[in-house]
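# Report on the structure
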Amino acid sequence: MSKTFSGDRCVPWLYSQAGVRVEGEPKSVAPAVDEVRARVPRKAALGLKFGGMVGLFAAAMALMAGARPAKAEGQPAQAASVRAITGYTLGGLSIASFAVGRRLDRSAPALAVLCAARGAELDDHQLAALAGDARKRLADAAFPEGQVWLISEAPLAAEPRAEADALKVRCFAPVQGRIVEV
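Just so it is clear, the structure is predicted and the values come from calculations on it, not from any experiment.

### Topic: the state of the cysteines
- Counted by the stated rule, this structure contains one disulfide.
- One disulfide in the model links Cys-10 with Cys-115; its S-S distance is 2.0 Å. Torsion about the S-S bond of the Cys-10 and Cys-115 cystine: about -55°, corresponding to left-handed handedness. Note that Cys-10 is positioned in helix H1 (residues 2–18) and Cys-115 in strand S3 (residues 110–116), a separation of 105 residues in sequence.
- Residue Cys-10 is classed as buried on the basis of its relative accessible area, which comes to 0%.
- Judged by relative accessible area, Cys-115 falls into the buried class, the value being 0%.

### Considering the packing of helix H4 (residues 124–140) against helix H5 (residues 158–166)
- The N-to-C vectors of H4 and H5 enclose an angle of 35°; their axes lie 10 Å apart at closest approach. You can see that H4 and H5 cross each other, and the crossing is right-handed. Every residue of H5 that contacts H4 at Asp-124, Leu-127 and Ala-128 is listed here: Pro-160, Glu-163 and Ala-164.
- The residue makeup of the contact of H4 with H5, split by class, is four nonpolar, no polar and two charged.

### Comments concerning the pairing of strand S4 (residues 147–152)
- S4 sits mainly inside the fold: five of its six residues count as buried.
- Here S3 runs beside S4; their pairing, made up of six bridges, is parallel. Opposite Ala-112, over in S4, you have Val-148 as the bridge partner.
- Between the parallel pair S4 and strand S5 (residues 169–175), the chain is carried across by H5, and the sense of this crossover is right-handed.

Definitions and cut-offs
Residues numbered from 1 in each chain as written. Predicted model: local features only at pLDDT ≥ 70, side-chain atom pairs only at ≥ 80, totals over all residues. Heavy atoms only, no water. Disulfide = S-S within 2.5 Å. Helix = DSSP H or I, 4+ residues; strand = E, 2+ residues; numbered from the N terminus. Buried < 20%, exposed > 50% of the residue type's maximum accessible area, 1.4 Å probe, protein only. Axes fitted to C-alpha atoms, helices over the stretch in contact; angles between N-to-C directions. Left-handed = near helix turned anticlockwise from the far one by under 90°. Contact = heavy atoms within 4.5 Å. Nonpolar A, V, L, I, M, F, W, Y, C, P; charged D, E, K, R; others polar. Pairing = 2+ DSSP bridges. Right-handed = clockwise from strand over helix to strand, strands pointing away.

Dropping the structure here:
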């Protein structure tokens, strides 16, 4: 039951609605509960990587224009060197921008998402144990800033939500057919 929820509703929701990048396949951590590891992408990382790609294209165009032979009318030789310097500078800046964007992307906060199917029994002790184990796995994988999310296929009662709030676990559950944060 839990594999159906993780594969059919939990993972696509993470991609489309939550906007997180899932890393790896869901792993069963308890009866009817799967864990998915994901990352929260940083918007600056995407902009820097895109800017780096555009800059590399502009640098290539400047270098190709600088490599043309001078016209017979007497175009100064300095114009070619200015184009080459511009191309090298743009290329260096865009490679640096791409590298910084990639570094930001790799250092994005990690998530341990607990996907609980309808049959999952999440009492106070089990939820605390699952959240603690998920945080420990994130810390072991060098993600000390990791967050834990709980996505439940069944509506959550007030007690589990209060317990999750005390454990600093963000809860998502279906409300009127859509999974939203509760």
